[in-house]
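One-letter residues, chain by chain:
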Amino acid sequence: MVSTFLILAVVLLSLVLTGALFWRRSPEIRSAADWVAKKHEIDVRAFDALTDLNDERRLRRCLPARRFRHFQRRRIRLALRFLQLMEENAGMLTSLAQLARTQRDTVLTQKADDLIALAFQLRLKLPLVRLYLYVKWLVPSWTATLPAFESSYRELLNRAIQLQGYSQQALA
Amino acid sequence: MRPMSSLRFVTIVLWVVPLALQYAITAAMLRRRVVRIFPIFFSYTVLVASRETVLFFVRYSSKSYALIYWWGDALAVLLGIGAIMEAARQMIPAHPFLRRILGSVWIFGGIAAAMSLLLLFSAHASGPHPPLEWVFLLERSARFLQACMLIVVIVLMSRFGLAGSHCLVGIVVGFGVYAAAELAGLELRSHLHFVTDVTLVLLNSAAYNLAAIIWAFYFLRPWRQDTVNHLPDTDLAQWNEAVTDRINQWYRRF
């Protein structure tokens with residue numbers, strides 16, 4: 001019975017994802033002009049200011065507890081909005097870079113590959129930032145850190161790649 | 001002369017339509033010179049079309065028919081899996097970081113798929129015809145593996161910004177629909193015994209027709225030439241730095 005549920009779950013998931021891929025409604029980017037027209041202007045300094053711990057400490061000292069919580073939650077909502085806009089921009093740039101890769105230009109393809117890699121790295125990190133902001137929204141006075149499980153995974157991956165490199169050298 | 005039964009008519013239509021479409025796709029891929037970009041998908045298309053053509057001339061109940069059918073099926077499954085991996089490789093740029101991500105996805109995905117296949121084999125229920133049941137089990141396992149790979153590739157596709165009109169999306173959607181439908185049919189037949197063999201064959205044929213129609217839609221229609229000759233300067237590196245800085249502040253190793 002477990003295997004049946006597993007198989008039907010896989011079937012349902014693959015059909016849902018296939019449909020979603022087919023009928024995706026993200027902003028369509030076909031040229032650099034589309035990117036200029038649809039991009040979101042993001043000031044990174046504003047994001048830094050909204051998430052700065054020193055600013056937060058100052059606010060906690062100056063404001064009554066209830067007002068601080070209200071104000072802090074507004075700052076967090078704005079920071080989350082920034083992250084959403086960053087993600088959308090990264091998605092549009094990825095689409096633009098994929099189109100650039102279809103040109104038979106080695107330099108342009110290399111630049112596109114680098115852009116896609118950078119956008120992907122950014123999108124990998126965003127869930128971690130969001131997680132912390134959601135925790136802070138629930139508990140505005142939260143100042144503790146969260147365990148860095150992703151860096152352990154990164155180290156594990158780097159060691160696996162090193163081992164792969166050593167074994168290839170040994171075979172050669 | 002006896003009129004053809006409706007079932008036989010449907011069977012013939014479901015057999016002829018994808019065959020014609022796959023010959024058309026083969027010709028289109030040759031004309032567009034994309035065989036070098038998608039060699040495995042091209043091989044898959046040629047194999048399936050050739051097998052069906054050869055089987056048309058071989059007597060149905062003969063040993064040769066069974067050999068050609070089952071060996072062709074096994075090869076088609078392998079090429080299908082290869083085509084999915086080819087789509088993933090085409091989609092992801094040759095950047096060390098991204099290839100590392102793809103490698104780790106395949107490693108962890110492979111482990112998860114192997115564990116799931118063990119579960120499937122251990123839960124195998126015997127039916128009245130053991131050799132046929134084993135064939136169903138192997139086909140079910142292969143389709144399960146294909147469906148799992150497709151889930152991973154589709155998730156990656158949404159992260160790598162491929163437009164819905166890109167032919168890689170078409171290849172993956174076609175395999176997705178076919179693998180999911182056949183897997184559901186095999187489960188209903190082999191484990192739950194809800195459908196007969198005839199219904200299963202018709203369901204598989206219909207699913208394959210849908211896949212062939214999707215592939216034909218992507219390869220036979222005029223391709224839009226979106227020209228991007230330069231990439232704009234962006235603040236992507238700055239955003240990345242800002243986000244990394246916050247992660248380093250908010251997360252600590254214990």
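As shown above, the structure is provided for reference.
Notes on the structure follow. All values reported here derive from a predicted model rather than from experimental measurement.

What counts, and at which threshold
Residues numbered from 1 in each chain as written. Chains lettered and ligands numbered in written order. Predicted model: local features only at pLDDT ≥ 70, side-chain atom pairs only at ≥ 80, totals over all residues. Heavy atoms only, no water. Helix = DSSP H or I, 4+ residues; strand = E, 2+ residues; numbered from the N terminus. Buried < 20%, exposed > 50% of the residue type's maximum accessible area, 1.4 Å probe, protein only. Contact = heavy atoms within 4.5 Å. Areas by Shrake-Rupley, 256 points an atom, 1.4 Å probe, with all protein chains shown as cover. Buried area = accessible area lost by both parts, 1.4 Å probe. Salt bridge = Lys/Arg side-chain N within 4 Å of Asp/Glu carboxyl O. Polar contact = N/O pair within 3.5 Å; in protein donor to acceptor, adjacent residues only side chain to side chain. Nonpolar A, V, L, I, M, F, W, Y, C, P; charged D, E, K, R; others polar. Core = buried A, V, L, I, M, F, W, Y, C linked by side-chain atoms within 4.5 Å. 1 Å grid on protein atoms, 1.4 Å probe; cavity = no way out; pocket = protein on both sides within 12 Å on 5 of 7 lines; lining within 4 Å. Points joined across faces, edges and corners; volume = space filled by probe spheres on them. Axes fitted to C-alpha atoms, helices over the stretch in contact; angles between N-to-C directions. Left-handed = near helix turned anticlockwise from the far one by under 90°.

Bringing the overall build of chain B into the picture now. Of the regular secondary structure elements, chain B holds 8 helices and 1 strand. Considering chain B as a whole, with its 254 residues, one finds that 46% of them fall into the buried category. Long-range pairs, those at least 24 residues apart, make up 72% of the contacts in chain B between residues at least 6 apart in sequence. Counting only carbon and sulfur atoms, one obtains 68% of the accessible surface of chain B, whose full area is about 12900 Å².

This part covers the interface of chain A and chain B. Counting residues at the interface gives 77 residues for chain A, matched by 68 residues for chain B. With both chains or domains summed, chain A and chain B bury close to 6800 Å², and 70% of this area falls on carbon and sulfur atoms. Ionic pairing is found between Asp48(A) and Arg246(B), a salt bridge with its closest N-O pair at 3.7 Å. Along the contact surface separating chain A from chain B lie 10 residue pairs in polar contact (both at pLDDT 80 or more). Of all the secondary-structure elements, those providing two or more residues to the side of chain A that touches chain B are helix H1 (2-22), helix H2 (32-38), helix H3 (44-50), helix H5 (65-101), helix H6 (106-138), strand E1 (146-147) and helix H7 (149-171) of chain A. Considering every element that reaches the side of chain A that touches chain B, the biggest residue donor is H6(A), with 22 residues. Residue composition of the side of chain A that touches chain B, by class: 47 nonpolar, 16 polar and 14 charged.

Moving on: the environment of Arg74(A). On the secondary structure map, Arg74(A) appears in helix H5. For the pair formed by Arg74(A) and Lys125(A), sequence separation is 51 residues and the distance between their alpha carbons is 22 Å.

With that out of the way, let us pick up the pattern of salt bridges. Inspection of the entire model under this criterion finds 12 salt bridges over all chains. Notably, a salt bridge pairs Glu41(A) with Lys39(A), separated by 3.8 Å at the nearest N-O pair. The exposure class of Glu41(A) is exposed, given its relative accessible area of 66%. Residue class for Lys39(A) comes out partly exposed when judged on its relative accessible area of 29%. Here the salt bridges share partners, and the residues they tie into one network are Asp48(A), Asp245(B) and Arg246(B).

Another point: the nonpolar core. If you look at the biggest cluster of nonpolar residues, it comprises 96 residues, and the most contacted ones within it are Phe41(B) and Phe219(B). Examining the composition of this core, we find that 14 residues originate from one element, H5(A), more than from any other. If we ignore the near neighbours within four places in the chain, the residues touching Phe219(B) are Ile25(B), Ala28(B), Met29(B), Arg32(B), Val34(B), Phe38(B), Phe41(B), Cys167(B) and Ile171(B). Grouped together as the second largest cluster of nonpolar side chains are 10 residues, Ile7(A), Val10(A), Phe144(B) and Ala184(B) included.

Moving on, we get to the side chain of His95(B). Inspection of the secondary structure puts His95(B) in the loop between helix H3 (63-91) and helix H4 (96-122). Setting aside residues up to four positions removed in sequence, His95(B) forms contacts with Asp113(A), Asp114(A) and Ala117(A).

So, about empty space enclosed by the protein. On inspection of all chains with the given rule, the structure shows 2 cavities of 30 Å³ or more. Taken together, Leu50(A), Thr51(A), Leu53(A), Glu56(A), Gln72(A), Arg75(A), Ile76(A), Tyr132(A), Leu133(A), Lys136(A) and Trp250(B) form the lining of the largest cavity. Within the residue set of the lining of the largest cavity, elements represented by two or more residues are helix H4 (53-62), H5 and H6 of chain A. Split into classes, the residues belonging to the lining of the largest cavity amount to 6 nonpolar, 2 polar and 3 charged.

Glancing now at the environment of Ala144(A). All names here are of chain A. Along the polypeptide, Ala144 turns up in the loop between H6 and E1. Relative accessible area serves as the criterion here: at 39%, Ala144 is assigned to the partly exposed category. Along the primary structure Ala144 and Thr109 are separated by 35 residues, whereas in three dimensions their C-alpha atoms are 43 Å apart.

The N-to-C vectors of H6(A) and helix H8 (residues 236-250) of chain B enclose an angle of 35°; their axes lie 9 Å apart at closest approach. As for how H6(A) packs across H8(B), the hand of that crossing is left-handed. Residues Leu115(A), Leu118(A), Ala119(A), Gln121(A), Leu122(A), Lys125(A), Leu126(A), Leu128(A), Val129(A), Tyr132(A) and Leu133(A) of H6(A) form the contact with H8(B), whose own contacting residues are Leu236(B), Ala237(B), Trp239(B), Asn240(B), Val243(B), Thr244(B), Ile247(B) and Trp250(B). Broken down by class, the residue content of the contact of H6(A) with H8(B) amounts to 15 nonpolar, 3 polar and 1 charged.

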